[in-house]
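# Structural description and commentary
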There are 2 protein chains.
Amino acid sequence: MERVPILKIGSVLLVSIQVDMQDQMALQLQEDLGQRIVDTGCKGVIIDITGLDIVDSFVGRTLSTIASISKVLDAETIVVGMRPAVAITLVELGLSLDGIRTALNVERGLELLTRNTEQDTIDDLYLLGDPETTSP
Amino acid sequence: MERVPILKIGSVLLVSIQVDMQDQMALQLQEDLGQRIVDTGCKGVIIDITGLDIVDSFVGRTLSTIASISKVLDAETIVVGMRPAVAITLVELGLSLDGIRTALNVERGLELLTRNTEQDTIDDLYLLGDPETTSP
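Reading the values: the criteria
- Within every chain, residues take consecutive numbers counted from 1 along the sequence as written.
- A letter from A marks each chain and a number from 1 marks each ligand, given out in the order of writing.
- Side-chain atom pairs in this predicted model are given and counted only at pLDDT of 80 or more, local residue features only at pLDDT of at least 70, and totals for whole chains, interfaces and linings cover all residues.
- Values reported for side chains reflect all heavy atoms of the structure, with hydrogen atoms and water molecules removed beforehand.
- Per the convention used, a helix needs a DSSP run of H or I reaching at least four residues, while a strand needs a run of E reaching at least two, with both numbered from the N terminus.
- Here's how the labels work: a residue is buried when its accessible area is under 20% of the maximum for its type, exposed when over 50%, partly exposed in between, all with a 1.4 Å probe on protein chains only.
- Using the Shrake-Rupley algorithm and a 1.4 Å probe, accessible areas are obtained, with residue cover drawn only from the displayed protein chains.
- Strand pairing is defined by DSSP finding a minimum of two bridges between the two strands.
- Definition of a polar contact: a pair of N or O atoms within 3.5 Å, with one able to donate and the other able to accept a hydrogen when the atoms are protein atoms, and with sequence-neighbouring residues admitted only if both atoms are side-chain atoms.
- Residues count as neighbours in contact if any of their non-hydrogen atoms are within 4.5 Å of one another.
- Overlaid copies result from least-squares superposition on C-alpha atoms, with residues included only where pLDDT is at least 70 in both.
- Buried area is calculated as the accessible area (1.4 Å probe) missing from two parts once they are joined, with the contributions of both summed.
- Whenever a carboxyl oxygen of Asp or Glu lies within 4 Å of a side-chain nitrogen of Lys or Arg, that contact is scored as a salt bridge.
- Classification convention: Asp, Glu, Lys, Arg as charged; Ala, Val, Leu, Ile, Met, Phe, Trp, Tyr, Cys, Pro as nonpolar; all other residues, Gly among them, as polar.
- Grouping buried Ala, Val, Leu, Ile, Met, Phe, Trp, Tyr and Cys residues that are joined through side-chain atoms within 4.5 Å yields what is termed a nonpolar core.
- What counts as an axis is a line fitted to C-alpha atoms, over the stretch in contact for a helix, and the angles between N-to-C directions run from 0 to 180 degrees.

As a further point, take the overall build of chain A. For chain A, the count of helices and strands is 5 helices and 5 strands. Of the regular secondary structure in chain A, the N- to C-terminal order runs β-β-α-β-α-β-α-β-α-α. The buried share among the 136 residues of chain A stands at 42%. When the accessible surface of chain A is summed, it comes to about 7600 Å², and 54% of that surface belongs to carbon and sulfur atoms.

Below, the structure written as structure tokens:
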């Protein structure tokens, strides 16, 4: 069975979906990705859908599920590379990608994730620090 | 016709090949990639073949051609993510990936390219600088 490769770039996992996913493939991807997040401790997942001509309700649901799984494993998911035609179809079909953040391309996605991680670190510092010295 | 997506990460283009390429798809990829190198001025190309179970002589030749095209466009190509089984088959078939550099995974590939680019910049500085002051 075909698997979608998961690439690790720094503390981000990159998944490029290029073929129309069937049920088994989607399940396998969810499983692989969850395992990979646990193994690597990555804080972000970027899913690139440049290669997809169509995002139907099944793919939309799969993306939502992946985002939810990642979230409970403490990783944020960003979907990137959506084609204009896909965006139009999504809106026309009334499909909303619940709980999914999007970005224009991989670079913007990486930027978003990096900024969030930095902000998290700052927040953590505030939480850890003495309230009297850290509060403004 | 299906196209292989080309992702830009910093000054590197990333291509993840996940399906067995046919003639037309390989030609299209070569064309797209060349155009993208020209458009972006990227100095490096990483081709990920994690998703390939088999690298036959056709794919091997395609990779070599891509590397050659990139080279004349002033970009270096690194093939990453080769499976052990693929490496074994390549050797058994007597196929050598001429002119292609390989790395274990995307991260190592990025490291290699970044190091090269830095070295290039240093070399350029030496070339541009006054020979008397720059030679040791």
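Two faces, one strand: in a regular strand the side chains alternate between the faces of the sheet. Residue and element names in this part refer to chain B. Of the strand pairs in this sheet, strand S1 (residues 6-9) and strand S2 (residues 12-16) are connected by 4 bridges, and their pairing is antiparallel. Each residue of the ladder has a partner; that of isoleucine 6, found in S2, is valine 15. The antiparallel hairpin formed by S1 and S2 contains 2 residues in its connecting segment, where glycine 10 sits at a positive phi of about 60°.

This brings us to the side chain of aspartate 32 of chain A. Residues and elements named next belong to chain A. With respect to the element layout, aspartate 32 can be found in helix H1 (residues 23-40). Among the residues examined, aspartate 32 registers a relative accessible area of 17% and is labelled buried. Side-chain polar atoms of aspartate 32 contact the side chain of arginine 3, separated by 3.3 Å. Setting aside its immediate chain neighbours within four residues, aspartate 32 contacts Arg3 and Ile6.

Turning our attention to the relation of the copies chain A and chain B. Overlaying chain A on chain B yields an RMSD of 0.0 Å, the required transformation being a rotation through 180° with an accompanying axial translation of 0.0 Å. Taken together, the rotation and translation relating the two chain copies correspond to the operation of a two-fold axis.

We now examine the interface of chain A and chain B. Counting from both sides, the interface comprises 17 residues of chain A and, opposite them, 17 residues of chain B. Contact between chain A and chain B buries roughly 1500 Å² in total, counting both sides, with carbon and sulfur atoms accounting for 61%. Viewed at the interface, chain B and chain A are joined by 2 salt bridges. Inspection of the region where chain A meets chain B yields 6 residue pairs in polar contact (both at pLDDT 80 or more). When its residues are assigned to classes, the side of chain A that touches chain B shows 8 nonpolar, 5 polar and 4 charged.

Before going further, it helps to examine the nonpolar core. Core analysis: the largest hydrophobic core is formed by 56 residues, its most contacted members being Ile17 and Ile47 of chain A together with Ile17 and Ile47 of chain B. Counting 24 residues, the second largest nonpolar core, distinct from the first, contains Ala103 and Leu112 of chain A together with Ile46 and Leu110 of chain B.

Looking at where aspartate 98 of chain B falls in the secondary structure, it is placed in the loop between helix H3 (84-93) and strand S5 (101-103). With 33 residues separating them along the chain, aspartate 98 of chain B and threonine 65 of chain B place their C-alpha atoms 9.5 Å apart.

Attention now moves to the sheet that holds strand S3 (residues 44-48) of chain B. Residues and elements named next belong to chain B. Across the sheet, which stays open at both edges, the 5 strands sit in the order S1-S2-S3-S4-S5 with mixed pairing between neighbours. Of all strands in the sheet, those with a lone pairing partner are S1 and S5, marking the two edges. Each strand axis lies, on average, 30° off the axis of its neighbour in the sheet, ignoring direction. Helix-sheet contacts for helix H2 (residues 57-72) involve S3 and strand S4 (76-80), and the interaxial angle to S4 is about 150°.

Our focus in this paragraph is the pattern of salt bridges. All names here are of chain B. If you walk through the whole model with that rule in mind, you get 10 salt bridges over all chains. Ionic pairing is found between lysine 43 and aspartate 74, a salt bridge with its closest N-O pair at 2.9 Å. With lysine 43 in the loop between helix H1 (23-40) and S3 and aspartate 74 in the loop between H2 and S4, the pair connects residues that are 31 residues apart, well separated along the chain. The closest approach of N and O atoms between arginine 83 and aspartate 53, which form a salt bridge, is 2.7 Å. Placement of arginine 83 in the loop between S4 and H3 and of aspartate 53 in the loop between S3 and H2 is noted, with a sequence separation of 30 residues between them. By relative accessible area, arginine 83 is classed as partly exposed at 33%.

This is a description of form; function is not addressed.
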